[in-house]
Structure formats: C-alpha cells, structure tokens
Amino acid sequence: MKTNPPLDKATIGLATLFLTSGTTHLVRPQVFEGIVPKVLPKRRELVYVSGVAEIVCALGLLHPRTRKVAGLASAALLVAVFPANVQMSADHAKRAQRKGDTGSKAFFAGTVARLPMQWPMIRTALRAAGRL
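All values derive from a computational prediction rather than experimental measurement.

Moving on, we get to the overall build of the protein. In terms of regular secondary structure, the protein is built from six helices and zero strands. Helices and strands appear in the protein in the N-to-C order α-α-α-α-α-α. Each principal axis of the C-alpha distribution contributes one length, and for the protein these read about 60 × 30 × 25 Å. In the protein, 67% of the contacts between residues at least 6 apart in sequence involve partners at least 24 apart. On the protein, roughly 8000 Å² of surface is accessible, and the fraction owed to carbon and sulfur atoms is 67%.

Right under this line is the structure:
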C-alpha cells in the first residue's frame, strides 16, 4: 500500500497562503478583479471561482487522503493564475511610470519579485502530490 506524502512545513505554508488568499477573494473580490486578464469575461465570477479553488486546494493539502490530488490541483491552479500575476505587474508598471513616486515604484518591484515565487510554490504542490 502506498503512503500519502507527509504534511511538511512547506505544504502547511502553501495551504495557509491559499486559505488566506481564497478567503480574501470571497470577502473582497474587487481587490482581484483588476488583475484578471482583460480578455477574460465575467471577472467577478472568476475571482470567486479562483477563491473557492484556493480554499478547496488548501483543505485538500492538509488532509492525508486528499493531499495527492490537492497537490496536483494546487500546481495547476498556480499555473492558471500566473497570467493574472503578470497582469498585476504590467498594471503597476504603468502606474509607477505615471506617478513616479517611491511607493508606486516599490509596489511594482514587489509584483515583479513575486512572479518567480510561483515556481517554488508549484514545486511544493507537486511534492505534496508525491510527484517530486
């Protein structure tokens, strides 16, 4: 009988991140609507769906019987939302250029620094799935 991947600190961290972000998607969807790529319709609905998906993935990561499938779903979700993170960086680049203030430039830098952080999160999700 195969054992399920262990619940490690990185997986708990990813689950916590998903729970926090997913809850914010549901409570304050307007925060995320602007980063949904403009080519996609029904932005509010997509924000709600992604929030629910994050919460479901988080709960699945925490339970041993669902950790494998939740790990795969989490990796897929992180890949799926990457365009929104790119959109956020592009929007904040324009804002920083337009405003020229330190705060806008710093926020833009933070959005750019966040982009490569997706890869360690995807690795964590795949490890939780027993794929790495």
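The predicted structure's coordinates, where accompanied by low pLDDT, should not be read in detail. Confidence along the protein averages 92 in pLDDT terms, with 98% of residues attaining 70 or more. Within the protein, no element has a lower average pLDDT than helix H2 (residues 30-33), which sits at 90, and none a higher one than helix H1 (residues 9-27), at 97.

On to the layout of surface pockets, then. Its boundaries defined by the atoms lining it, the largest pocket holds a volume of some 550 Å³. Taken together, 25 residues make up the lining of the largest pocket; nearest its centre are His25, Glu54, Val81, Ala84 and Asn85. In terms of residue count, helix H4 (residues 67-99) provides more of the lining of the largest pocket than any other element does, eight residues in total. A breakdown of the residues in the lining of the largest pocket according to their chemical character gives 18 nonpolar, five polar and two charged.

Below, the discussion takes up the pattern of salt bridges. Enumeration according to the criterion identifies two salt bridges in this entry. Glu33 is paired through a salt bridge with Arg44; the nearest N and O atoms lie 2.5 Å apart. Taken as a pair, Glu33 in helix H2 and Arg44 in helix H3 (residues 43-62) lie far apart in primary sequence, 11 residues in all. Taking the relative accessible area as the measure of exposure, Arg44 reaches 33% and is therefore partly exposed.

The rules behind the values
- Per chain, residues are indexed from 1 in the order of the written sequence.
- Confidence filtering applies because this is a predicted model: local features only for residues at pLDDT of at least 70, side-chain atom pairs given and counted only at 80 or more, and all residues used for totals across whole chains, interfaces and linings.
- With hydrogens and water stripped out, all remaining heavy atoms of the structure feed into the side-chain values.
- Runs of H or I in DSSP of at least four residues are treated as helices and runs of E of at least two as strands, each being numbered from the N terminus.
- Whether two residues are in contact is decided by their heavy atoms, any of which lying within 4.5 Å being enough.
- Residue exposure ignores everything except the shown protein chains as possible cover, and the areas themselves are Shrake-Rupley values with a 1.4 Å probe.
- Confidence of the prediction at every residue is given by pLDDT, a number between 0 and 100.
- Buried and open spaces are told apart on a 1 Å grid over the protein atoms alone, a cavity being a set of points where a 1.4 Å probe fits but cannot get out and a pocket being an open set with protein on both sides within 12 Å along at least five of seven lines. Residues with an atom within 4 Å of a point are the lining residues.
- Grid points are joined across faces, edges and corners, and a volume is the space filled by probe spheres set on the points.
- Side-chain classes follow a simple rule in which Ala, Val, Leu, Ile, Met, Phe, Trp, Tyr, Cys and Pro form the nonpolar group, Asp, Glu, Lys and Arg form the charged group, and the remainder, Gly included, forms the polar group.
- By definition, a salt bridge exists where a carboxyl oxygen of Asp or Glu is found within 4 Å of a side-chain nitrogen of Lys or Arg.
- The cut-offs for exposure are 20% and 50% of the maximum accessible area for each residue type, with area from a 1.4 Å probe on protein chains only; residues under the lower value are buried, those over the upper are exposed, and the others partly exposed.

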